[in-house]
Amino acid sequence: MALVPTPVNGGEPVFAEVDMGADSSAPTVRATVVQASTVFYDTPATLDKAERLLAEAASYGSQLVVFPEAFVGGYPRGSNFGVSIGNRTAKGREEFRKYHAAAIDVPGPEVDRLAAMAGKYKVHLVMGVIERDGYTLYCTVLFFDSQGHYLGKHRKIMPTALERIIWGFGDGSTIPVFDTPIGKIGAAICWENRMPLLRTAMYAKVRRDSGAAIREFSEKQGAGAAGIEIYCAPTADARDLWQASMTHIALEGGCFVLSANQFCRRKDYPPPPEYVFSGTEEDLTPDSVVCAGGSVIISPAGVVLAGPNYEGEALISADLDMGEIARAKFDFDVVGHYSRPEVLSLVVKDHPTIPVTFTSANIDGSKN
């Protein structure tokens, strides 16, 4: 596993540090984004791989480790699940059955294992998973603190293109920003990062107390509330254009942006005919790159601190000077001194949307 920047002269790994006028009063957080592939259709093996990567990142002193979109459960790149307008195939239905089987319940034993990993290696962990809720799947990010506690989740609110045939839509109840000892952490997944209103909600979100489900923004906004500080962007987009989006978000939000993508070759997926890259399979060899990564860490000033990497699996790390957030907000605070709420405002419906509600209940509160 390569570390970016790579070791120099056989010595210890060199981490990216950019001198931005840091002072001793502002903490520094060592962060790592993981660029690696899923073991497709094999969730136990994927969790084993995740633990190896987490242990390696922790050995370099990382306090926060961010994994790619759908790392646990897999991103089904190239598959169409046998769908065309007005038709589904038996093979496509079987593909979905296998994909559903590889997903995880939240909460569940895999979540417990991830929490134990975070506690064992004393790191804050942000993990992309495919969440199974009955027979509907969600592209989800899970959050864990360094004490091994599961904090909560974000469900992707808008799957892109053909993703919509396999993933459900998250609602406003899972757009958290968690106030942790290393900073306020949240996530948006892949192209939902291009949704301006979602970004604005995250810039304004102060904290969601997962135990009591309390939103504090309305109480604190008049006292100069600060929103997300470490903005995680797990993705499946390896195009050069993605870098422009990540830089813009860092500047717009005055926050650090940590984008983690998988690096995958054709051989990281099952071989045909079990798994087929629709429309391109005949052009691929086992070593063909099907996702080139591009994982990156960017400062609130828009400075690239580490990455992007397009060479292979890697741990991409940087030291985050948290004082840089205040310096960036002095220039531009999108939900603070640069907002005009009397002209432009946003209402976020952050309650759960439930398709079926039963109103009848016994006196003791149990449902009939």
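Every value quoted in this text rests on a predicted model; they were computed, and no experiment measured them.

Some remarks on the pairing of strand β17 (residues 295–298)
- Judged by which residues are buried, β17 turns out to be covered on both faces: Ser295 and Ile297 on one side and Val296 and Ile298 on the other are all buried.
- As paired strands, strand β14 (residues 256–259) and β17 are joined by three bridges and run antiparallel to one another. The partner of Ser259 across the bridge, within β17, is Val296.
- Pairing of β17 with strand β18 (residues 304–309) involves three bridges; the strand directions are antiparallel. Within β18, the residue paired with Ser295 across the bridge is Asn309.

Focus: the confidence of the model for the protein chain
- Chain-level pLDDT for the protein chain is 89 on average; 86% of the residues reach the 70-or-more range.
- Ignoring residues within four places in sequence, the model shows residues 5–15, a span with pLDDT below 50, making 16 contacts including any to other chains.
- Here residues 208–224 scores under 50 on pLDDT; set against residues more than four positions off or in separate chains, the count is 21 contacts.

Observations regarding the environment of Gly227
- Of note, Gly227 is situated in the loop between α5 (217–220) and β13 (230–232).
- Put simply, Gly227 and Gly183 are 44 residues apart on the chain and 10.0 Å apart in space, counted from C-alpha to C-alpha.
- Not counting residues within four places of it along the chain, the set of residues in contact with Gly227 comprises Lys184, Met202, Tyr203, Ala204 and Lys205.

Things to note about the packing of helix α1 (residues 43–59) against helix α3 (residues 109–121)
- Axis separation between α1 and α3 bottoms out at 10 Å; the angle between their running directions is 15°. When the axes of α1 and α3 are compared, the pair comes out roughly parallel. Considering how the two elements wind past one another, α1 and α3 form a crossing that is right-handed. Residues Thr43, Pro44, Leu47, Asp48, Glu51, Leu54, Ala55 and Ala58 of α1 pack against Glu110, Arg113, Leu114, Met117, Ala118, Lys120 and Tyr121 of α3.
- Residue classes in the contact of α1 with α3 are distributed as nine nonpolar, one polar and five charged.

Calculation criteria
- Residues numbered from 1 in each chain as written.
- Predicted model: local features only at pLDDT ≥ 70, side-chain atom pairs only at ≥ 80, totals over all residues.
- Heavy atoms only, no water.
- Buried < 20%, exposed > 50% of the residue type's maximum accessible area, 1.4 Å probe, protein only.
- Helix = DSSP H or I, 4+ residues; strand = E, 2+ residues; numbered from the N terminus.
- Pairing = 2+ DSSP bridges.
- pLDDT = per-residue confidence, 0-100.
- Contact = heavy atoms within 4.5 Å.
- Axes fitted to C-alpha atoms, helices over the stretch in contact; angles between N-to-C directions.
- Parallel < 35°, antiparallel > 145°, perpendicular 65-115°, else oblique.
- Left-handed = near helix turned anticlockwise from the far one by under 90°.
- Nonpolar A, V, L, I, M, F, W, Y, C, P; charged D, E, K, R; others polar.

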